[in-house]
Amino acid sequence: ISLSTRGASEAVVSTQSTGEQIVDNTCQQLVINPQQFDVMVMPNLYGNLVSNLAAGLVGGAGVVPSKSYGENIAVFEPGARHTWMEMKGMYVANPAAMVLSSAFMLKHLQLNEAGDLLIKAVNNVLNKRSCMTIDLGGQASTLDMTKAILMELDALA
């Protein structure tokens with residue numbers, strides 16, 4: 001991962017120690033000692049590899065949201081992409097990452113209370129473990145888990 005990738009971000013993280021690593025070592029270090037990383041900046045291809053690995057470490061692609069900021073843009077989407085394509089059209093995808101990404105967007109738009117409620121609803125559903133999609137060891141469909149999150153949201157509101 002090249003130091004030249006830092007570019008405009010350098011001023012933001014100037015108080016942080018920085019370094020270069022090849023991507024395979026970065027992946028190994030992320031598994032062995034993830035606490036050493038606070039911010040990781042890299043090109044898109046490496047970012048996809050590393051984000052998919054990181055998603056696997058914390059529960060899978062279905063539970064990892066992301067937020068990306070550019071100079072005049074903010075993007076909120078699931079944190080891991082191009083995973084589990086063989087399940088396309090089977091309606092078993094975990095909606096948590098998309099819902100959490102939406103909560104991040106609400107908070108970005110200064111709708112903090114709504115964003116916090118959505119995050120709490122998702123966390124409550126995940127912690128109860130009563131409505132889990134296949135990736136989390138359950139049998140719930142995408143719709144089942146979405147309904148569980150909405151019911152939890154209603155209970156919180």
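Predicted model, so just to flag it, every value in this text is computed and none were measured.

Colleague: Account for the confidence of the model for the protein chain, naming residues and giving values.
Modeller: This prediction gives the protein chain a mean pLDDT of 86; 88% of its residues lie at or above 70. Here residues 1-14 is modelled with pLDDT under 50, and outside its nearest four sequence neighbours on either side it reaches 18 contacts, counting other chains as well.

Colleague: Which residues make up the nonpolar core, and what values do they have?
Modeller: Counting 21 residues, the largest nonpolar core has Val-63, Val-122, Leu-126, Leu-136, Met-145 and Ile-149 as the members making the most contacts within it. Looking at this core, the elements with two or more residues in it are helix H3 (96-108), helix H4 (112-128) and helix H5 (142-156). If you tally residues by element for this core, the top one is H4, at six residues. Not counting the four nearest positions on each side in its chain, Leu-126 is found in contact with Val-63, Met-132, Leu-136 and Met-145. Core analysis: the next-biggest nonpolar cluster, separate from the first, contains six residues, Cys-27, Leu-30, Phe-37 and Met-42 among them.

Colleague: Can you lay out the side chain of Thr-133 for me, pointing to particular residues and giving the numbers?
Modeller: Examined against the element boundaries, Thr-133 turns out to sit in the loop between H4 and H5. On the basis of relative accessible area, Thr-133 is assigned to the buried category, the value being 0%.

Colleague: Can you tell me about the side chain of Asn-94, naming the residues and giving the values?
Modeller: Note that Asn-94 resides in the loop between strand E2 (74-78) and H3. What makes Asn-94 buried here is its relative accessible area of 10%. In terms of polar contacts, Asn-94 uses its side chain to reach the side chain of Thr-133, at 3.4 Å. A distance of 3.3 Å separates the side chain of Asn-94 from the side chain of Asp-135, its partner in a polar contact. In contact with Asn-94, other than residues within four places in its own chain, are Gly-62, Val-63, Thr-133, Asp-135, Leu-136 and Met-145.

Reading the values: the criteria
Residues numbered from 1 in each chain as written. Predicted model: local features only at pLDDT ≥ 70, side-chain atom pairs only at ≥ 80, totals over all residues. Heavy atoms only, no water. pLDDT = per-residue confidence, 0-100. Contact = heavy atoms within 4.5 Å. Core = buried A, V, L, I, M, F, W, Y, C linked by side-chain atoms within 4.5 Å. Buried < 20%, exposed > 50% of the residue type's maximum accessible area, 1.4 Å probe, protein only. Helix = DSSP H or I, 4+ residues; strand = E, 2+ residues; numbered from the N terminus. Polar contact = N/O pair within 3.5 Å; in protein donor to acceptor, adjacent residues only side chain to side chain.

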